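Chain by chain, the residues:
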Amino acid sequence: MSLFQDKQVRWYCFFLIFFSILLLGMNVMCSINQVNYAKEIYISNNGAIASYLLEKGISREVVADALANSKVSETGKELLAMVGIDHRAAYHKFPYLDKLRKSSLYVTIPISLLLVLVLLSVTSLFFWRRKQLFLQADKVIGDYINGDFSHHLPQNSEGAIYQVFSSVERLATMLKSKMETEHKIKEFLKNTISDISHQLKTPLAAIAMYQEIIDAEPGNTETVKEFSAKIGASLNRMEQLIQLMLKITRLDAGSIVFEKRYYSVPELISNSINELTARARKEHKQIIVDGDPRQQIFCDMEWTSEAIGNIVKNALDHTGSGGVIRITWEQTPAMVRISVTDNGDGIAPEDIYHIFKRFYRSKNIKNMKTTGIGLGLPLAKSIVEGQGGVISVQSERHHGTTFTLSFLTE
Amino acid sequence: MDILEVKNLCKTYGMGETKVDALKDVSFTLKKGEFAAVVGESGSGKSTLLNCIGALDNPTSGTILVDGQNLFSMNEEERTIFRRRNIGFIFQSFQLVPELNVEQNIIFPLLLDYRKPDYAAVNEILELLGLTQRRRHLPSQLSGGQQQRVAIGRALITKPKLILADEPTGNLDSKNSQDVVDLLTTASRRYQQTILMITHNKNLTTSVDRVFRVSDGILTDLGGAVNEALS
């Protein structure tokens with residue numbers, strides 16, 4: 001029984017069982033004793049009556065019959081009442097009974113008192129030890145409340161209360177890590193805000209400058225055309241950034257509900273790279289899509305397309321002219337894996353653990369013409385993980401990079 | 001927050017001439033929610049490291065703290081209970097109970113600790129591991145990869161502070177291996193679960209947060225920063 005898991009409870013229960021047996025034994029002993037005494041009284045009382053009757057010359061047969069008689073008649077009762085032997089008579093009128101009463105009281109009272117004392121003291125010891133345990137726990141929990149996690153609850157014993165302690169321990173661990181992430185979130189928000197303002201300020205400053213130039217030479221059509229095109233590009237960049245930021249924020253806030261359905265993978269891929277094929281052609285890069293056309297995938301079409309699109313965009317950013325980007329997929333026992341492989345520069349080992357961080361820009365990128373903001377890959381990661389998938393990356397310097405998106409099939 | 005703290009851990013087998021240093025002054029920490037892989041050749045000491053952390057083997061010197069508690073200052077009974085409630089194990093050979101179905105195998109550790117299983121949590125884990133449709137199957141009706149996924153579920157159900165995975169993909173082909181590692185990654189992110197996995201296959205470490213290499217008993221940190229829970 002699970003009640004006996006707890007060591008202290010188990011010992012207390014053992015004590016109760018032992019005590020009950022003791023109590024029972026003592027009752028049996030007392031009643032045996034009393035029955036014996038009653039027998040003695042009966043024998044001596046009858047003996048006294050028989051002796052007296054024989055002395056008075058009553059025949060032996062009559063006395064024997066009288067002793068064997070079990071019928072009680074009214075006249076008999078009346079006679080007894082007359083000599084003062086009935087229920088109203090006091091104990092001291094019966095010398096034998098008086099002796100019995102005294103002896104049984106003298107024996108049972110001290111024994112009962114002793115038993116009660118044992119019961120009370122063991123019970124209070126049990127409760128006292130439980131209380132010590134609770135006080136100890138209370139002190140530790142109090143420390144937890146005050147942010148001191150250096151002491152731990154006793155949780156390494158069997159029993160319900162230790163299970164509670166172990167749950168409290170888990171709660172404390174969660175609280176501690178929450179407190180630490182809270183600090184990190186503040187730091188993160190501070191950095192994010194400074195990153196965003198930096199990212200917005202740069203095109204804004206450019207736009208202001210271009211506008212000044214146009215303002216200075218309103219008659220020069222060439223200049224106006226050139227700089228208004230530049231303004232357009234900067235505005236475009238700002239819009240892109242804001243769009244990405246909004247998407248990431250919505251994902252963070254958990255306000256996105258992924259509408260997962262079965263789609264064919266080629267359909268998903270063509271939806272993802274729809275807007276990128278023109279850019280690839282312009283930059284003389286090739287996007288090769290290759291895999292089983294009947295493969296199904298369970299995901300949210302729109303968001304997953306966004307994720308794959310961002311990864312392909314990233315691949316386009318980091319391959320030179322003539323680069324090849326291969327999109328392949330395969331079914332494994334539990335998952336569908338979509339891989340995007342490029343033959344670009346690859347990722348430096350010191351960068352590889354940071355590429356999914358927001359606004360992370362590698363110090364190793366030489367050609368700064370790459371237009372990445374540092375949000376595409378983080379967004380892809382949020383989208384894939386939000387749907388219970390995994391995104392991983394493998395890269396070899398100067399040979400290329402493979403991003404793999406894995407989705408559960410069931 | 002440090003879930004696992006290993007300080008100056010040494011393990012020596014044998015005496016005098018035949019003395020072998022399996023671990024030499026190994027120190028590292030794992031934060032909550034980190035998924036770390038230990039790679040190394042067989043015989044490099046990585047299994048000894050895992051056995052010491054799981055308190056299945058006594059280190060010669062050094063300390064191991066799991067959530068600030070020293071496993072080796074406890075007596076055997078306390079250590080057993082601590083291990084049951086705080087450390088999950090995943091083995092190379094799955095170690096499922098053949099008479100129990102998938103769902104029963106997953107809730108098994110709770111029953112060992114006399115707890116009632118929370119079926120919402122069980123369903124969530126089954127869904128996470130893609131086992132919902134196989135919940136009533138016996139281990140003998142499952143493939144190796146599926147069996148290992150059940151073993152992952154069994155390690156996750158108690159929400160332990162630390163999961164130790166000893167070559168979880170050792171008996172699996174490459175596709176199933178990648179599945180198992182990807183599912184461990186998902187679980188680590190979803191439940192902020194700290195996992196330490198041993199593997200000899202470096203290709204499987206692409207999605208983990210940190211990679212350590214053990215070579216001749218010496219541990220080196222191959223990089224990977226703190227898990228970016230926010231990104």
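Here the structure is a predicted model, which is why all the values come from computation and not from measurement.

Broken down by element type, chain B carries six helices and 10 strands. Taking 231 residues into account, the globule formula puts the C-alpha radius of gyration at 17 Å, and chain B, at 17 Å, falls close to it. By its C-alpha atoms, chain B is 55 × 40 × 40 Å across when sized along the principal axes. Residues counted as buried form 48% of the 231 residues belonging to chain B. Pairs at least 24 apart in sequence give 72% of the contacts found in chain B among residues at least 6 apart.

This part takes up the pairing of strand β5 (residues 335–342) of chain A. Residues and elements named next belong to chain A. The buried fraction of β5 is high, at six of eight residues. Where strand β4 (residues 324–331) and β5 come together, seven bridges link them in antiparallel fashion. Looking at the pairing, Arg-326 lines up with Thr-341 of β5. Connecting the antiparallel pair β4 and β5 is a turn made up of three residues. The sheet contact formed by β5 and strand β7 (residues 400–408) spans eight bridges and is antiparallel. When the bridges of β7 are listed, Thr-341 appears paired with Thr-402.

To continue, consider the pairing of strand β7 (residues 162–166) of chain B. Residue and element names in this part refer to chain B. Across the five residues that make up β7, a large majority, five, are buried. Residues Leu-162, Leu-164 and Asp-166 point to one face of β7 and Ile-163 and Ala-165 to the other, with burial holding for every one of them. Sheet topology note: the strand β6 (residues 87–90)/β7 ladder contains four bridges and is parallel. Directly across from Ile-90, in β7, lies its bridge partner Ala-165. The pairing of β7 with strand β8 (residues 194–199) spans five bridges and is parallel. Residue pairing in the sheet places Ala-165 in a bridge with Met-197 of β8. Handedness of the crossover is the feature at issue here: the chain leaves β7, passes through helix α6 (residues 174–190), returns alongside β8, and the resulting connection is right-handed.

Rules behind the numbers
- Along each chain, the written sequence defines residue order, and numbers are assigned to residues from 1.
- Written order decides the labels, with chains lettered from A and ligands numbered from 1.
- Side-chain atom pairs in this predicted model are given and counted only at pLDDT of 80 or more, local residue features only at pLDDT of at least 70, and totals for whole chains, interfaces and linings cover all residues.
- In DSSP terms, a helix is any run of H or I states spanning at least four residues, a strand is any run of E spanning at least two, and both are numbered starting from the N terminus.
- This radius of gyration counts C-alpha atoms alone. The globule rule is 2.2 Å times how many residues there are, raised to the power 0.38.
- Every C-beta atom is placed from the backbone, and the number of other C-beta atoms within 10 Å of a residue's own sets its class: buried at 20 or more, exposed at 12 or fewer, partly exposed in between.
- Here, residue contact means that the backbone-derived C-beta atoms of the two residues sit within 7 Å.
- At least two bridges found by DSSP between two strands is the condition for calling them paired.
- Handedness is read with the strands pointing away from the viewer; a crossover is right-handed when the path from the first strand over the helix to the second is clockwise.

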